[in-house]
Amino acid sequence: MAMPNAELKDNGGGTEPKIGVFVCHCGTNIGGVVDCEKVAKAASTIEGVAVSKDLKYACSDLGQDEIQKAIKEEGLNRIVVASCSPRLHEFTFRNCVEEAGLNPYFMIMVNLREQCSWVHMKEPEDATAKASDLIRMGVERSKLLSSLSPREVAVEPTCLVIGAGIAGIQAALDVAQKGFKTYLVEKEPSIGGHMAQLDKTFPTGDCAICILAPKMVEASRQKNLEILAYSEVVDIDGYVGNFNVKVRMKPRYVDEEKCVGCGVCTEKCPVKVPNEFDVGFGMRKAIYVPFPQAVPLKYTIDAENCRQLQGKKCGACAKACINDAIDYEQQPRDLDLKVGTIIIATGFDTYIPMKKGVYSYWESENVITAMELERLINAAGPTGGHLIRPSDKTEPKRIAFIQCVGSRNHKLGIQHCSRVCCMYAMKNAQIIKEHDPETDIAIYYNDIRAFGKGFEELYHRIRMDYGVEFIRGRPARLTTDPETGNITIRAEETLLAKITERDFDLVVLSVGLLPSQGTMPIQKMLSLPTSPDGFLQELHPKLRPIETAIDGVFICGCAQGPKDIPDSVAQAKATASEASTLMIRSKHVVEPLTASINDELCVGCGLCTDVCPYGAIELQDKDGQIKAVVTEALCHGCGTCAAACPQRAIDQLQFSNRQIMSEISAALSHEKAAGGE
Amino acid sequence: MSEVEKVFISGLHEKLIEDKVIDESQLDPDFRKEIIKFGGKDVMTCLQCGNCTGVCPISLKIEYKTRTTIKYCQFGMKNATLSTRWVCATCYRCYEHCPADLNPAEVMIALRHIGIREGIIPPFVKRAASNLMGHGLTVRPDESILKEREKIGLPELPQSKPDWESVKEEVVTIIKTTKYDRLLGIRGDEDVSE
């Protein structure tokens, strides 16, 4: 962000306004509709306007030179640039006037492109009149401007990464390698996330854990990186550079210092429960590590299933442990961290099929989700990679994949495409075919989305080399034979326009990706906006894809939207770079255009705290009276609070109530609008 | 031809699409607009997944596919939808199952509106309309039905109430005011026997 120096001149304030108006043609974007020359001429007659010119491209070097020349030669102290949206060129023109020796906040922009020429392309005359009106309003507002200086806040050189899937691990590693202290918080007993559960990865077929485990180990060895596994973030406050975070470490009932991960305890434990990591297919003990490559390799007692912790007599693990690491009395511990930047990598949850749904997931044992299949074909899974179907433990010979389950479904309110299901279904089809080429596989799809690098090649390969059948149609009914457990799928093969009924031994639902349960609390703590699909919203879909509305908070991986591993890693690296940039500078410049509260008018009703989308206002006790207080580093100057305040106690700097009123009166004064004409 | 097809499609054999290439001359670009005008607002949103066909009780029985009909509409192949538009039972199962939350049945209803306005009306529709105008009922039990009822031991049909005639008159007023009779070309006293 090209921000001006903190030391700014306060020239022009208080003196008689000498205004320069610059009307930009923007090539034909504005000039093709609005008569810019006429508009500039009309503006020159407004009281206080000393210079009024039309420029071909105001943002070009030539245009900027013209503005700077006018400031120097005519001694202008207010600049109105009538061109495009301030989102595009506000910084350009602020820098331009600053270079000419003026406080940059004495420059305002009037939007003649997005809000005039583009929307009134077919009414050039009216557009010209409107342009004149808009400029007159801008000129009146410019008269009431005051000089402002940006503030600086110190940035704590510490980073918090929430969620330790592949995205979180990568982000944390990158930040730590740049020399910053990094905390990596994960709610599960081990880092690794969903990637650790997968068998192979598309499109290349790399073994997921084989490429993930080295990164997990690296994370545990990296000296700046502290892994806080089996912990949750319970509170965040503060602002960019100065976040105060409370992390709750759940009790493992095992002393992490003493446990060496030998596994003797788990051998002796008498309790067997389904393993969540295997999506319920495999079993684990009440004292466990979720998978052999777990990092940190520390055992955890599952309090709900442990006999001792449930008040029954047991203590088998404590007796077995040679290091005396078992501690049944362990309590949750709270850690208070002060961090400068936060990276959110809270990932996704897979869609859980409906009860009583068409796909009979809950009624039929042989209808499974893709995540369950991943564990069933995984060499480290409960069956050792030997694919069997749940009902009778036989090898399925006919397998169907059903695509778009819990994706692209308006009935469920899930409109988005999950982006990975087409490819993971093909990848799994390939693995199954490699194990047993005699298996018949059909993929019921609506559209195949093979857009990534190497994806189309995999799509081609599984048809050519493996003969996987693609049926274009969304299944309408699944019927299970109660005796054999086989499933008949009725679907229209749309390319034939025929209704087909085919029998399968096993049906795999390619379930979509949804925002994870763990994302919600973090989103609430930080008041982060979400997009309509429920995932966290980036600041700009194209140009600021990993930043959020809160400065110093970045998002990566599936927390931002469904994506595959390479995209998650790329985003993670981007967040690490962005967070590091902020911390290397050690200072963050805060835009001075914030809300300001008049304590004399504020009655402490708290309406502003409710409407603020950034959580920047809170009520505080000031000498026994409750008043609203703005945290300037969090305020984005959106003006929502100023509009909501029933007492008119809040002014949005550069858009104060007086300034807005001056604009309104200018807009309504049509006699003046006639101007020189 | 199955029984269903006889009842619903008889007299409406559409012009078969025999051409090897369907060119612009066979397409009506404004067809979709017409459909939307008559309430089939979802016609262009359909992604052709075929779920509707799979759940359609009619598609299972005869050579009619909900999805294909929608595709013809999107494409502007008006002639291809002439007869099939009448077989939809408007049970709304397609609407219930559509993953895009669209309503194909509304498109079918719109097609009927268009057909009627172009004078393409199957005999059974005319018969029902005529019954409604002449007797206040779309389906009028004739002798054979009454005999059948008696044979299987069903009670006699309830007699018309005394105010029946006035109800019928109201129906006729509605029909005349809305020009429904002129739209379908009925008088109400046509010979409606099979």
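Values in this document were obtained by computation on a predicted structure and should not be read as measured data.

**Some words on the overall build of chain B**
From N to C terminus, chain B includes ten helices and zero strands. When the helices and strands of chain B are placed in sequence order, the string is α-α-α-α-α-α-α-α-α-α. In chain B, buried positions account for 28% of the 194 residues. The contacts in chain B between residues at least 6 apart in sequence include a share of 73% that link residues at least 24 apart.

**Details of the overall build of chain A**
Counting secondary structure elements, chain A contains 18 helices and 34 strands. Principal-axis analysis of the C-alpha atoms places the extent of chain A at approximately 90 × 65 × 40 Å. Expressed as a percentage of the 677 residues in chain A, the buried residues total 47%. Excluding contacts between residues fewer than 6 apart, the proportion of contacts in chain A whose partners are at least 24 apart in sequence is 71%.

**Things to note about the domain arrangement of chain A**
Partitioning chain A into structural domains gives domain 1 (19-150), domain 2 (152-250 + 332-347 + 521-588), domain 3 (251-331), domain 4 (349-514) and domain 5 (595-652). Each of domain 1 of chain A and domain 5 of chain A has a C-alpha centre, and these two points are 32 Å apart.

**Describing the sheet that holds strand β1 (residues 19-24) of chain A**
All names here are of chain A. Read across the sheet, four strands follow the order β2-β1-β3-β4 without closing on themselves; strand pairing throughout is parallel. What marks the edges here is a single partner per strand, and that holds for β2 (49-55) and β4 (107-111). Averaged over all pairs of adjacent strands, the angle between strand axes in this sheet comes to 15°, irrespective of strand direction. Contacting β1 and β2, helix α1 (residues 36-44) crosses the sheet at an angle of about 175° to β2. Against the sheet, helix α3 (residues 86-99) contacts β3 (78-83) and β4, and its axis sits at roughly 150° relative to β4.

**Some thoughts on helix α14 (residues 565-585) of chain A**
Residues and elements named next belong to chain A. Helix length check: α14, at 21 residues, gives a terminal C-alpha distance of 30 Å against a target of 30 Å (1.5 Å per residue), a fit within 8%. Considered for burial, the residues of α14 that qualify are I565, S568, V569, Q571, A572, T575, A576, E578, A579, L582 and M583. Contact partners of the buried residues in α14: β6 (158-162), α6 (166-177), β8 (200-201), β18 (341-344), β29 (553-555) and β30 (587-590). Just downstream of α14, S586 is the residue with a positive phi angle, here 60°.

**Quick look at the sheet that holds strand β11 (residues 231-239) of chain A**
Residues and elements named next belong to chain A. The strand order β11-β12-β17 describes an open sheet built from three strands, whose pairing is antiparallel. With partners counted over all chains shown, the strands left at the sheet margins are β11 and β17 (333-339), one partner each. If you compare each strand with its neighbour and ignore which way they point, the axes differ by 20° on average. One ladder, built from seven bridges, connects strand β12 (residues 242-249) with β17; its direction is antiparallel. Pairing of F243 across the sheet is with V339, part of β17.

**Focus on the packing of helix α5 (residues 124-143) of chain A against helix α17 (residues 657-668) of chain A**
Residue and element names in this part refer to chain A. Taken N-terminus to C-terminus, the directions of α5 and α17 make an angle of 145°; their axes are 8 Å apart at the nearest point. Pair α5 / α17 crosses with right-handed handedness. The residues of α17 that touch α5, namely those facing D133, R136, M137, E140 and R141, are Q659, S662, E663, A666 and A667. Of the residues assigned to the contact of α5 with α17, the class counts are three nonpolar, two polar and five charged.

**Some thoughts on the confidence of the model for chain B**
This prediction gives chain B a mean pLDDT of 84; 85% of its residues lie at or above 70. Model confidence for the complex is summarised by a pTM of 0.86, with the ipTM given as 0.81.

**Considerations on the packing of α1(A) against α5(A)**
All names here are of chain A. At a closest axis distance of 9 Å, the pairing of α1 and α5 adopts a crossing angle of 35°. Two packed elements cross with a definite hand, and for α1 against α5 that hand is right-handed. Counted together, K38, V39, A42 and A43 of α1 and T128, A131, S132, I135 and V139 of α5 form the full contact between these two elements. For the contact of α1 with α5, the per-class residue count stands at six nonpolar, two polar and one charged.

**Concerning unusual backbone geometry**
Residues apart from glycine generally show negative phi values, whereas peptide bonds are mostly found in trans. Residues and elements named next belong to chain A. The omega torsion of the bond from F202 to P203 falls at -5°, within 30 degrees of zero and hence cis. Topologically, P203 is positioned in the loop between β8 and β9 (206-207). The omega angle of the peptide bond from V295 to P296 is -5°, so this bond is cis rather than trans. Looking at the secondary structure, you find P296 in the loop between β15 (287-288) and β16 (300-301). Its identity is not glycine, yet S360 carries a phi of approximately 45°, on the positive side. Relative to the helices and strands, S360 is located in the loop between β19 (348-350) and β20 (367-369). Owing to 18 C-beta atoms within 10 Å, S360 belongs among the partly exposed residues under this scheme. Although it is not a glycine, D623 adopts a positive phi angle of roughly 50°. Within the secondary structure layout, D623 lies in the loop between β32 (617-622) and β33 (625-630). According to the C-beta neighbour criterion, D623 is exposed, with 6 such atoms within 10 Å.

**So, the environment of A:V33**
Residues and elements named next belong to chain A. Position of V33 among the secondary structure elements: in the loop between β1 and α1. C-alpha separation for the pair V33 and Y57, spaced 24 residues apart in sequence, amounts to 15 Å. The residues touching V33, leaving out its near neighbours within four places in the chain, are S117, H120, M121, P124 and A127.

About the criteria used
Residues numbered from 1 in each chain as written. Chains lettered and ligands numbered in written order. Predicted model: local features only at pLDDT ≥ 70, side-chain atom pairs only at ≥ 80, totals over all residues. Helix = DSSP H or I, 4+ residues; strand = E, 2+ residues; numbered from the N terminus. Buried ≥ 20, exposed ≤ 12 C-beta atoms within 10 Å, placed from the backbone. Contact = placed C-beta atoms within 7 Å. Domains from an automatic or database assignment. Pairing = 2+ DSSP bridges. Axes fitted to C-alpha atoms, helices over the stretch in contact; angles between N-to-C directions. Expected span 1.5 Å × (residues − 1). Left-handed = near helix turned anticlockwise from the far one by under 90°. Nonpolar A, V, L, I, M, F, W, Y, C, P; charged D, E, K, R; others polar. pLDDT = per-residue confidence, 0-100.

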